[in-house]
Amino acid sequence: MSEKNLLRAYGDREGDGMVQLSFTLAILPSDRAREAAKRFAEAHGLKNPLVVAMEQASPEHSYFVVYGHSTHSVDLDAIHVEELGAQALGRDEIEALGKKLGRKIVVVGACTGSDAHTVGIDAILNYKGFRGEKGLESYKAFDAHNLGAQVENTELAQRARALGADAILVSQIITQRDCHKENGRALVELLEKQGWRDRVLLLFGGPRIDNKLARSIGFDAGFGTGTTPTEVAAYIVQQVSERETSRQAPKM
Amino acid sequence: MARLTVDTAKVERCRALAAGIARDVQSTIDAHTTVGLERTVARAYGVEGADGDGTPLSNALIDRLHKQDFIGFGVAYFLGRALARGAQSIQEAAEQLAFGAAIVAPSDRDDVTAIRAALTGPTEAALARIDDAKKERSAMRSRLGTGPLPLKYVIVATGNIHDDATQAKAAAFAGADIVAVIRATAQSLLDYVPEGPTTEGFGGTFATQENFKIIRRALDEISTGLGRYVQQTNYSSGLCMSEIAWMAAVERLDMLLNDAMYGILFRDINMVRTFVDQYFSRRIIARSGIIINTGEDNYLTTADAVERAHTVLASQFINEAFAIRAGLPVELMGLGHAYEIDPWIEDSFLLEVAQAQLIRQVFDRHPIKWMPPTKFKTGDIFHSHVHDAMFNLAGVMTGQSIELLGMFSEAIHTPLLMDRYLSLKAAKYIFNTARHFADEFEWKPDGKIALRAKEILDNAETLLLEVDKQSIWTSIANGVFADVKRTRTGGKGYAGVVKREPSYTNPILDVLEAAE
């Protein structure tokens, strides 16, 4: 039974485990270097590795390409993924939910800290959008504010509060030495200290970010590479509607 | 090389319009100075070093003057006055002004002739530093020679200057003609230039004078070893645009990213600040023979590359006009553009070729700099490599001068050593295999490429007419470029913009302006 859920890399035939690997080593091309590359691949679990390219790439380094049979497999049953908890909706459905809400959802976004790359936040928020899907600015359901790049957490918090934000979007492209996580965590702590963390939806986005990472640093959801504005819009409109309903429920 | 039929009268009309737009801004430039410009003057006169907290002396000095509302006289006024009154050196005068008793207000009793006379020697010394570095660069370049066009330009961005040096040498070994050290993302908004070598930076490495030296030394070493001159690039942009131009000039850099409007649009730096700073930086750059790289490629990462192609061309005309005003010869104007059209659009390659060919012909003596696809890159490195190959083919077909090579890992991380190696290998192959391709055909006069080129030029002229009519200030406020809107008094660094006093003193600028 469990056999069925074991995944192996598929190359040419079921179960061959074929993978390719490329890397550089600080050694110049030689028979010894080729053997070193082979052993390096073996150490990664590749059986019968074939060093198919070995070229000098710098005064001190060689570049290698290796093919080999991976001996490893993955048990699918052992995998638990943090799901977003929102349905995929189309533009009309999003607008319909927004209309039902009876007010515009205020969304504030920024690239925080030293990050100057607005490509992600622009793709999601700006009218122009991404891959043919228009951004949140284009929706009647949203009142979107893009604060741009290099916005400090304190400024973002202050602006978001003043605008009455339902959701805050933080975009982080630069991830050297985990600065994105530190920036994100600092914002969560700031909002907690100010006492309104629970009143706002916190979204984290960027090429190295996924839902699990975002949740682990205290955000409500994370969005990675290839996320479209519609996906973000669908998530926000559902979450805000849900929160509004649960907030109103006890009063009735 | 195959040439499109381009309406030269229309091109000249665009140039005339751009010249008018730049002329309108020049009166504002000539009436103002900035803290960044004055820090540059201080550095040029030899004000060096930083205190224990890392605050450069040039900042301490200019901040003091600014606090007392004296910036409008120019830092040279005070340095010259101190020298005329017996200070032993510029450094002593600077320290006295920065940390001593309150600065005495300029008055009619100040002997302006004596102030100017005291600055004659230091001004000559400052310009000699630029000229000597230029001579050394030219000698090395002519001794070792440079590669065939398009020049292969790559970036390194480790954050640690010593790793950058290793990566720069590796890139040169693999065939790079030009190496740029990408700056730390936060630096454009710092109102000072950090001191010394740096080993920590996000998204890149700080531009400091010491870091410039370290990379120049590494590239000199590998250039001599390879028998091929490898050029060095950094960024003269942000709030310290002109200070960095000075450092690059004396440390023998070959190219600088330097754009008349980039800071305004993409870093939200105040308009007046940017226009004044770009002017002074370009005066220095012109003197030192550095090639500028303008940043029009960025327009296409925010706005759509098909619909807004003409904004790139219009901006190039404007950048050219500003550069002419700063005394830059066309041979130093590396006007920028980019291969950023959605690759899945049918015939997108034709659209890219049309724009590249048009820009090549409109700016025929300029070292045009072409940027690779970035916006539509994904984590599929194999497809990305193919995308870059098409970019390279278009580049060699249309005779681009400088090509920043695409990296297949563009959407993933700053390039690894092997990423750069493979990118250079692919570019070498394509440039070589198609070197004389464009000598073998004629562009179809009424074909898609010719029509697209005509459309871009027509739209650029329309846009320039509009900008000319409502001025660049209003145009930028209306989001004409890159869909970004900025105001005249908004943005960062506005507090550092000051009106020049009638007795404003800046002998270095005077010499640079007189050189024409």
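What you are looking at is a predicted structure, and each value in this text was computed from that prediction instead of being measured. (Residues numbered from 1 in each chain as written. Chains lettered and ligands numbered in written order. Predicted model: local features only at pLDDT ≥ 70, side-chain atom pairs only at ≥ 80, totals over all residues.)

S.K.: Which residues make up the pairing of strand β3 (residues 46-56) of chain A, and what values go with them?
M.R.: A regular strand places its side chains on the two faces of the sheet in alternate fashion. All names here are of chain A. Note that β3 and strand β4 (residues 62-70) share 8 bridges and pair antiparallel. The residue of β4 that forms the bridge with Lys47 is His69. Connecting β3 to the antiparallel partner β4 that follows it, the hairpin turn spans 5 residues. (Pairing = 2+ DSSP bridges. Helix = DSSP H or I, 4+ residues; strand = E, 2+ residues; numbered from the N terminus.)

S.K.: Please set out the nonpolar core residue by residue, giving values where relevant.
M.R.: Residues Leu61(B), Leu79(B), Ala94(B), Val179(B), Ala249(B), Leu256(B) and Ile290(B) are the most contacted members of the largest nonpolar core, which totals 186 residues. Apart from residues no more than four positions distant in its own chain, Val179(B) is found in contact with Val154(B), Val156(B), Ala168(B), Ala171(B), Ala172(B), Leu219(B), Val230(B), Gln232(B) and Thr233(B). Listed in part, the 46 residues of the second largest apolar core include Ala144(A), Val200(A), Ala214(A) and Val240(A). (Core = buried A, V, L, I, M, F, W, Y, C linked by C-beta atoms within 7 Å. Buried ≥ 20, exposed ≤ 12 C-beta atoms within 10 Å, placed from the backbone. Contact = placed C-beta atoms within 7 Å.)

S.K.: Just give me the short version of the domain arrangement of chain A, but keep the residues and values in it.
M.R.: Each domain of chain A was delimited in the assignment, giving domain 1 (2-76) and domain 2 (91-247). Placing the centre of domain 1 of chain A and that of domain 2 of chain A at their C-alpha centroids yields a distance of 40 Å. (Domains from an automatic or database assignment.)

S.K.: Account for the packing of helix α2 (residues 35-44) of chain B against helix α3 (residues 57-67) of chain B, naming residues and giving values.
M.R.: Residue and element names in this part refer to chain B. Orientation of α2 relative to α3, taken along the N-to-C sense of each, is 130°, at an axis distance of 9 Å. In this view, α2 runs oblique relative to α3, as classed from their interaxial angle. Between α2 and α3 lies a crossing whose hand is right-handed. On α3, the residues that touch Val35, Glu38, Arg39, Ala42 and Arg43 of α2 are Ser58, Asn59, Leu61, Ile62 and His66. Taken together, the residues of the contact of α2 with α3 sort by class into 4 nonpolar, 3 polar and 3 charged. (Axes fitted to C-alpha atoms, helices over the stretch in contact; angles between N-to-C directions. Parallel < 35°, antiparallel > 145°, perpendicular 65-115°, else oblique. Left-handed = near helix turned anticlockwise from the far one by under 90°. Nonpolar A, V, L, I, M, F, W, Y, C, P; charged D, E, K, R; others polar.)

S.K.: Which residues make up the sheet that holds β3(A), and what are the values?
M.R.: Note on sheets: strands pair through backbone hydrogen bonds, and any given pair is parallel or antiparallel. Residues and elements named next belong to chain A. Judged by pairing direction, the sheet is antiparallel, and its 3 strands sit side by side in the order β2-β4-β3 without closing on themselves. The strands lining the two open edges of the sheet, one partner per strand, are β2 (18-25) and β3. Going from strand to strand, the sheet's axes swing by 20° on average, the running direction of each strand aside. In the packing of helix α1 (residues 31-43) onto the sheet, the strands contacted are β2, β3 and β4, and the crossing angle to β3 comes to about 140°.

S.K.: So what's going on with the interface of chain A and chain B? Which residues, and what values?
M.R.: Listed by partner, the interface residues are 21 residues for chain A and 20 residues for chain B. Residue assignment for the side of chain A that touches chain B shows that the elements contributing at least two residues are β2 and α3 (119-125) of chain A.

S.K.: Run through unusual backbone geometry, naming residues and quoting values.
M.R.: Pro150(B) follows Leu149(B) through a cis peptide bond whose omega is -10°. For Pro150(B), the position within the fold is in the loop between α6 (112-144) and β2 (151-156). Within the chain, Gln150(A) stands out as a residue other than glycine whose phi angle is a positive 55°. Among the secondary structure elements, Gln150(A) is positioned in the loop between β7 (142-146) and α4 (153-163). What makes Gln150(A) buried here is the crowd of 22 C-beta atoms within 10 Å. Phi angles above zero are rare outside glycine, and Asp268(B) is one such case at about 50°. By the element assignment, Asp268(B) lies in the loop between α10 (262-267) and α11 (271-288). For Asp268(B), a count of 18 C-beta atoms within 10 Å gives the class partly exposed.

S.K.: Give me the sheet that holds β7(A): which residues, what numbers.
M.R.: Residues and elements named next belong to chain A. Judged by pairing direction, the sheet is parallel, and its 5 strands sit side by side in the order β7-β6-β8-β9-β10 without closing on themselves. Only two strands of the sheet have a single neighbouring strand rather than two, namely β7 and β10 (221-223). The average undirected angle you get between the axes of adjacent strands in this sheet is 20°. Both strand β9 (residues 201-205) and β10 contribute to a ladder of 3 bridges, which runs parallel. Opposite Gly205, over in β10, you have Phe223 as the bridge partner.

S.K.: Describe the environment of Ser348(B), listing the residues and the values that go with them.
M.R.: If you trace the backbone, Ser348(B) turns up in helix α14 (residues 348-362). Beyond its immediate sequence surroundings of up to four residues, Ser348(B) is in contact with Ile341(B), Asp342(B) and Pro343(B).

S.K.: Got a sec to walk through helix α15 (residues 381-397) of chain B? Specific residues and values, please.
M.R.: The α-helix winds at 3.6 residues per turn, so residues separated by three or four positions along the chain end up facing the same way. All names here are of chain B. The end-to-end C-alpha separation of α15 is 24 Å, in line with the 24 Å expected for 17 residues at 1.5 Å each. Those residues of α15 that are buried lie in contact with α14, β9 (369-371), β10 (402-404) and α16 (417-433). Where α15 ends, the next residue or the one after it, Gly399, has phi of about 65°, a positive value. (Expected span 1.5 Å × (residues − 1).)

S.K.: Run through the packing of helix α13 (residues 309-325) of chain B against helix α17 (residues 448-477) of chain B, naming residues and quoting values.
M.R.: Residues and elements named next belong to chain B. α17 packs onto α13 with a crossing angle of 60° between their chain directions and a minimal axis gap of 8 Å. Accordingly, the angle class assigned to the pair α13 and α17 is oblique. The chirality of how α13 crosses α17 is right-handed. Residue-level inspection shows Ala309, His310, Thr311, Leu313, Ala314 and Phe317 of α13 in contact with α17, the latter providing Ile456, Leu457, Asn459, Ala460, Leu463 and Leu464. Here the residues of the contact of α13 with α17 are counted per class, giving 9 nonpolar, 3 polar and no charged.

S.K.: Can you lay out the confidence of the model for chain A for me, pointing to particular residues and giving the numbers?
M.R.: Confidence in the prediction for chain A averages 89 pLDDT; 95% of positions are at 70 or higher. Of all helices and strands in chain A, the one with the weakest mean pLDDT is α3(A) (85), whereas α1(A) scores best (98). (pLDDT = per-residue confidence, 0-100.)

S.K.: Give a description of the environment of Asn432(B) that names residues and reports values.
M.R.: Following the sequence through the fold, Asn432(B) ends up in helix α16. Judged by C-beta crowding, with 10 C-beta atoms within 10 Å, Asn432(B) ranks as exposed.

S.K.: Tell me about the confidence of the model for chain B, and name the residues and values.
M.R.: On average, chain B scores 95 in pLDDT, and the residues at 70 or more come to 100%. Overall fold confidence for the complex sits at a pTM of 0.86, while the interface term, ipTM, reaches 0.88.

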